[in-house]
Amino acid sequence: MSGKPRLHWHFGIRLLHWLTVAALAAQIAIAFGPMRGPGMTMMNWLPLHMSIGVTILAIIVLRLFWRALTQAPARPTSRFLRFATTFFHIFLYVTIIAVLVTGWLGYRPMPFMPPARLFGTLPVPLAPSVGVLSARGFAFVHQKLAWIMLGLVGIHVLAAMGHLMLLRDGVMRSMVFGRPKTASRD
């Protein structure tokens, strides 16, 4: 290592970020597409929806662990902007995890349904009954939190576009794939 500050996030962080984006896009497409179909259509798509949800949880946990061990790219930013960015990202992560957990707590198979299996193999453990809300109540909260998450994702995308087009400060470049650069001392 040359001692120059890193301008890109570590490759693993970037990969996990874009895997999260792809998995969340698939979840939204399934939830607002075929799962809204007539009759038992939702039940046919639910195992895939749950499988992707567990995958997102695994990616997020791995990403947070990796992030704890990785230094952020060097950026000359104000203390307020660093605080706001950190707060927003924590809020986004907490919301995504809340969507995943409430989805799991809201899943109760009907008596005639086979248990859900992750990608058709591993059985999904049933969530414990939580006295605060019924499964239907958790499913309702899951849906509302998904809308909040979509709003936060929209803000995140707008902020990324602002960094790319208005501020031109390299924040967006630090999350895309390409040849990593180090800061020059020109």
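What this report covers is the structure whose coordinates are included nearby. As the structure is a prediction and not an experimental result, all values here were calculated from the model.

### What about the nonpolar core?
If you look at the biggest cluster of nonpolar residues, it comprises 23 residues, and the most contacted ones within it are Leu46, Met50, Ile56 and Ile96. For this core, the secondary structure elements donating two or more residues are helix H1 (11-32), helix H2 (41-68), helix H3 (79-105) and helix H4 (135-167). Once you skip the residues sitting within four places of it in the chain, methionine 50 turns out to touch Tyr107, Ala116, Leu118 and Val124.

### Here's the deal with H2
Between its terminal C-alpha atoms H2 stretches 41 Å, which fits the 40 Å expected from 28 residues at 1.5 Å a residue. Largest kink in H2: about 30 degrees, centred on proline 47. When we look at burial in H2, the residues that qualify are Met43, Leu46, His49, Met50, Ser51, Ile52, Gly53, Ile56, Ile59, Ile60 and Arg63. Elements in contact with the buried residues of H2: H1, H3, strand S1 (117-118) and H4.

### Observations regarding the packing of H1 against H2
Between H1 and H2, whose axes approach to 9 Å, the crossing angle comes to 160 degrees. Considered as vectors, H1 and H2 are oriented roughly antiparallel to each other. Where H1 crosses over H2, the handedness of that crossing is left-handed. Of the residues in H2, those in contact with Gly12, Ile13, Leu16, His17, Leu19, Thr20, Ala23, Leu24, Ala26, Gln27, Ile30 and Ala31 of H1 are Trp45, Leu48, His49, Ile52, Gly53, Ile56, Ile59, Ile60, Leu62, Arg63, Trp66 and Arg67. A breakdown of the residues in the contact of H1 with H2 according to their chemical character gives 16 nonpolar, 6 polar and 2 charged.

### Things to note about the side chain of serine 51
Positionally, serine 51 belongs in helix H2. Excluding residues that lie within four positions of it along the chain, serine 51 makes contacts with Arg117, Leu118 and Phe119.

### Examining the packing of aromatic side chains
In this structure the tally under the stated criterion is 3 aromatic pairs. Where phenylalanine 83 meets phenylalanine 87, the ring centres are 6.3 Å apart and the plane angle is 20 degrees; that geometry is what we call stacked. Residue phenylalanine 83 and its partner phenylalanine 87 are both found in helix H3; the two are separated by 4 residues, about one turn of the helix. With centroids separated by 6.4 Å and ring planes inclined at 10 degrees, the aromatic side chains of phenylalanine 87 and phenylalanine 91 adopt a geometry described as stacked. In this pair, phenylalanine 87 and phenylalanine 91 both sit in helix H3, 4 residues apart, roughly one turn of the helix. Overall, phenylalanine 87 belongs to the exposed group, its relative accessible area being 52%. An aromatic cluster of at least three residues, connected via ring pairs, comprises Phe83, Phe87 and Phe91.

### Description of the environment of valine 99
Here valine 99 lies in helix H3. Residue classification places valine 99 among the buried positions, given a relative accessible area of 7%. Spatially, the C-alpha atom of valine 99 lies 9.6 Å from that of alanine 139, the residues being 40 residues apart in sequence. With sequence-adjacent residues up to four places away left out, valine 99 is seen in contact with His142, Leu145, Ala146 and Met149.

Criteria and cut-off values
Residues numbered from 1 in each chain as written. Predicted model: local features only at pLDDT ≥ 70, side-chain atom pairs only at ≥ 80, totals over all residues. Heavy atoms only, no water. Core = buried A, V, L, I, M, F, W, Y, C linked by side-chain atoms within 4.5 Å. Buried < 20%, exposed > 50% of the residue type's maximum accessible area, 1.4 Å probe, protein only. Helix = DSSP H or I, 4+ residues; strand = E, 2+ residues; numbered from the N terminus. Contact = heavy atoms within 4.5 Å. Expected span 1.5 Å × (residues − 1). Bend = angle between axes of the 7 residues up to and from the residue. Axes fitted to C-alpha atoms, helices over the stretch in contact; angles between N-to-C directions. Parallel < 35°, antiparallel > 145°, perpendicular 65-115°, else oblique. Left-handed = near helix turned anticlockwise from the far one by under 90°. Nonpolar A, V, L, I, M, F, W, Y, C, P; charged D, E, K, R; others polar. Phe/Tyr/Trp six-rings, centres within 6.5 Å; stacked < 30°, edge-to-face > 60°.

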